[in-house]
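# Residue-level structure breakdown
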Amino acid sequence: QHKDAYQAILDGVKGGAKEKRLAAQFIPKFFKHFPELADSAINAQLDLCEDEDVSIRRQAIKELPQFATGDNLPRVADILTQLLQSDDSAEFNLVNNALLSIFKMDAKGTLGGLFSQILQGEDIVRERAIKFLSTKLKTLPEEVMTKEVEEFILTESKKVLEDVTGEEFVLFMKILSGLKSLQTVSGRQQLVELVAEQADLEQTFNPSDPDCVDRLLQCTRQAVPLFSKNVHSTKFVTYFCEHVLPNLSSLTTPVEGLDIQLEVLKLLAEMSSFCGDMEKLESNLKKLFDKLLEYVPLPPEEAENGENAGNEEPKLQFSYVECLLYSFHQLGRKLPDFLTGKLNAEKLKDFKIRLQYFARGLQVYIRQLRLALQGKTGEALKTEENKIKVVALKITNNINVLIKDLFHIPPSYKSTVTLSWKPVQKADASQKRASEDTTSGSPPKKASAGPKRDARQIYNPPSGKYSSNLGSFSYEQRGGFRGGRGRGWGGRGNRSRGRIY
């Protein structure tokens, strides 16, 4: 009946600023009364969303949710997703709010628009759409985030994960691990399988390819928080023992200043607690044992006059030994006769001599650290130097407990320790004494660069004679793919460009 009048309003988008402002309000207001002009109306509003005048653009964007009815909703979601590329903060916020309001009308339809742009849109749109999902989904109420909606997110995410950069992968893991339906054991298992697929554990490991190494570490970091006594890390631990440990010294990384070897050993230690039944357990324990020997030196030979024949005592790398000894202790529980039944007597004797020498140095060092920290509380423990000493004391105490276990006849695997970089759990009675000096002065957590991760503290103890001076110390923050590196993992394919309203 009033079709001509509505058409006149649509034509207003070609007029001056006043006509456009009126059109921006009236096109959505009467939209539902003229279904036969729906396409023209949406296109007219879109023209206003791209107007040069920012106030007209904002008005037009604000009204977009009114067009989100029936079959039009996915299209409106698609348009709003593309508008996320706006650099005007007020406009950007309006787009976010509009997306959230249509989410509440039809979550699946809105997600359809978002995912179509993630898969086919321009890079800036893709990046902002992923960011939107990773920050906003968790704010939506349960009645919006139904099981069906979560399943849709998982299905669509799997399509995206076929071709992602490292950074995008981390964001998608954040999105998926926040879904209620994936909080179950089977849900966590599903996520671990997704990560394993992304890590490509079937392929040959190339230690000299920084991208290959980085991809494995980035994926493993995402998997670690998912492991538990019911969700096993066996696949990852096996891969680390068989492919990564033998190549430890030749690993390369694109991340500047990262002690890549220590990073690998820390991840292995964290995963070893949740390893299930392993096929080649003996052979992998042997690889772990051999690597441990590299860092637990034999005592230096003494010359006839009792002086050290070499120039200096071997450098003891406590951080490395803590990780290797812990992993060996965890996997050793599964094959308790490894040291006594699988090694020949000569090898076992050699190992005990090495451990004894290491333990002697350890005792001296623990005494020096305790002395240095004696009587210090509160603020005094927060100085950089004392924070380092607190961590050093945790590391050395842990090694001490594990060595004592292995000196039992037969070797025992009963003690439990909390890895030095992890928050302290309630200590078992048997562990109270070992950790009592360390718990009160735990250094505060640093800002994390990856999910559920503390900034790591890498501690290099002094070489040569034991002294109370600490060796060099650096901070390493977990994160990945720093610096402007291409499209990450093998580059994303050529996708279509430009607007597809």
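Since the structure is predicted, the reported quantities are computational estimates derived from the model, not experimental observations.

### Examining the overall build of the chain
In terms of regular secondary structure, the chain is built from 20 helices and 2 strands. The long-range fraction of contacts in the chain, counting pairs at least 24 apart against all pairs at least 6 apart in sequence, stands at 73%. With the model as given, the accessible surface of the chain reaches about 24,000 Å², and the carbon-plus-sulfur share is 49%.

### A short note on unusual backbone geometry
I409 connects to P410 through a cis peptide bond whose omega is -10 degrees. One can find P410 in the loop between α19 (384-407) and α20 (429-439). The backbone phi angle of D200 is positive, close to 55 degrees, even though this residue is not glycine. Judged by relative accessible area, which is 31%, D200 ranks as partly exposed.

### Regarding the pattern of salt bridges
The final tally for this structure, using the stated rule, is 19 salt bridges. Here D53 and R21 are joined by a salt bridge, their closest N and O atoms 3.3 Å apart. Within this pair, whereas D53 is found in the loop between α3 (38-49) and α4 (54-63), its partner R21 is found in helix α2 (residues 17-30), the two being separated by 32 residues in sequence. For R21, a relative accessible area of 36% translates into the label partly exposed.

### Focus on the packing of helix α18 (residues 345-373) against α19
Where α18 contacts α19, the axes come no closer than 9 Å and their chain directions differ by 145 degrees. The element α18 and its partner α19 pack so that their crossing is left-handed. Of the residues belonging to the contact of α18 with α19, the class tally is 17 nonpolar, 6 polar and 3 charged.

### Quick notes on helix α11 (residues 185-199)
Taking 1.5 Å of rise per residue, the 15 residues of α11 would be expected to cover 21 Å, and the 21 Å separating its terminal C-alpha atoms lies within 8% of that figure. Within the sequence span of α11, burial applies to G187, R188, L191, V192, L194, V195, A196, Q198 and A199. Check the buried side of α11 and you find it contacts α9 (147-160), α10 (166-177), α12 (210-223) and α13 (234-244). Taken from the residues just after α11, D200 is the one with a positive phi, measuring 55 degrees.

### Topic: the confidence of the model for the chain
Per-residue pLDDT for the chain averages 83, and the proportion of residues at 70 or more is 82%. Every residue in residues 427-487 scores below 50 in pLDDT, and together they form 138 contacts with partners more than four places removed in sequence or on other chains. Of the regions scoring below 50 in pLDDT, residues 490-501 engages in 32 contacts with residues more than four places distant in sequence or in other chains.

### Quick notes on the packing of aromatic side chains
Using the criterion set out here, one finds 14 aromatic pairs in the structure. A ring pair is formed by F115 and F172, whose centres lie 6.5 Å apart and whose planes are at 35 degrees; its orientation type is tilted. With F115 in helix α7 (residues 107-120) and F172 in helix α10, the pair connects residues that are 57 residues apart, well separated along the chain. A residue is classified by how much of its surface remains accessible, and F115, at 1% relative accessible area, is buried. Aromatic side chains Y295 and Y320 sit 5.0 Å apart centroid to centroid with 50 degrees between the ring planes, which places their arrangement in the tilted category. Highlighted residues: Y295 in helix α15 (residues 281-295) and Y320 in helix α16 (residues 318-332), separated in sequence by 25 residues. Look at Y295 and you get buried, because its relative accessible area is 10%. With a relative accessible area of 7%, Y320 lands in the buried category.

### Regarding α2
Over its 14 residues, α2 runs 20 Å from end to end, which matches the ideal 20 Å to within 8%, given 1.5 Å per residue. The largest bend along α2 measures about 25 degrees and falls at A23. Those residues of α2 not exposed but buried are K20, A23, A24, I27 and P28.

### Observations regarding the environment of L369
Secondary-structure assignment places L369 in helix α18. Each C-alpha atom, one on L369 and one on V390, is 8.0 Å from the other, the two residues being 21 residues apart in sequence. Excluding its chain neighbours within four sequence positions, the residues that come into contact with L369 are K389, A392, L393 and T396.

### A few points about the packing of α12 against α13
Two numbers describe how α12 lies on α13: the axes approach to 12 Å, and their chain directions differ by 155 degrees. When the interaxial angle is binned, α12 and α13 end up roughly antiparallel. Relative to α13, α12 is oriented so that their crossing is left-handed. Across the interface between the two elements, L216, L217, T220 and A223 of α12 pack against F236, Y239, F240 and V244 of α13. Looking at side-chain class alone, the contact of α12 with α13 contains 7 nonpolar, 1 polar and no charged residues.

### Topic: the side chain of S134
Within the secondary structure layout, S134 lies in helix α8 (residues 123-136). For S134, a relative accessible area of 5% puts it in the buried group. A polar atom in the side chain of S134 sits 3.0 Å from the backbone oxygen of K131. Residue contacts for S134: discarding those within four places in its chain leaves L171, K174 and I175.

### Topic: a negative patch on the surface
A cluster of acidic side chains, namely E162, E193, E197, D200 and E202, defines a negative patch on the protein surface. Counting through the fold element by element, E202 comes out in the loop between α11 and α12. Looking at E202, the relative accessible area reads 68%, which means it is exposed.

### Description of the state of the cysteines
Under the criterion given, the structure shown has 0 disulfides. This cysteine, C241, is not joined by any disulfide, and C275 carries the nearest cysteine sulfur, 7.6 Å off.

Criteria and cut-off values
- Residues numbered from 1 in each chain as written.
- Predicted model: local features only at pLDDT ≥ 70, side-chain atom pairs only at ≥ 80, totals over all residues.
- Heavy atoms only, no water.
- Helix = DSSP H or I, 4+ residues; strand = E, 2+ residues; numbered from the N terminus.
- Contact = heavy atoms within 4.5 Å.
- Areas by Shrake-Rupley, 256 points an atom, 1.4 Å probe, with all protein chains shown as cover.
- Buried < 20%, exposed > 50% of the residue type's maximum accessible area, 1.4 Å probe, protein only.
- Salt bridge = Lys/Arg side-chain N within 4 Å of Asp/Glu carboxyl O.
- Axes fitted to C-alpha atoms, helices over the stretch in contact; angles between N-to-C directions.
- Left-handed = near helix turned anticlockwise from the far one by under 90°.
- Nonpolar A, V, L, I, M, F, W, Y, C, P; charged D, E, K, R; others polar.
- Expected span 1.5 Å × (residues − 1).
- pLDDT = per-residue confidence, 0-100.
- Phe/Tyr/Trp six-rings, centres within 6.5 Å; stacked < 30°, edge-to-face > 60°.
- Bend = angle between axes of the 7 residues up to and from the residue.
- Parallel < 35°, antiparallel > 145°, perpendicular 65-115°, else oblique.
- Polar contact = N/O pair within 3.5 Å; in protein donor to acceptor, adjacent residues only side chain to side chain.
- Patch = residues over 30% accessible without salt bridge, like charges linked within 9 Å, V, L, I, M, F, W, Y side chains within 5 Å.
- Lys, Arg positive; Asp, Glu negative; His and termini not counted.
- Charge placed at Lys NZ, Arg CZ, Asp CG, Glu CD.
- Disulfide = S-S within 2.5 Å.

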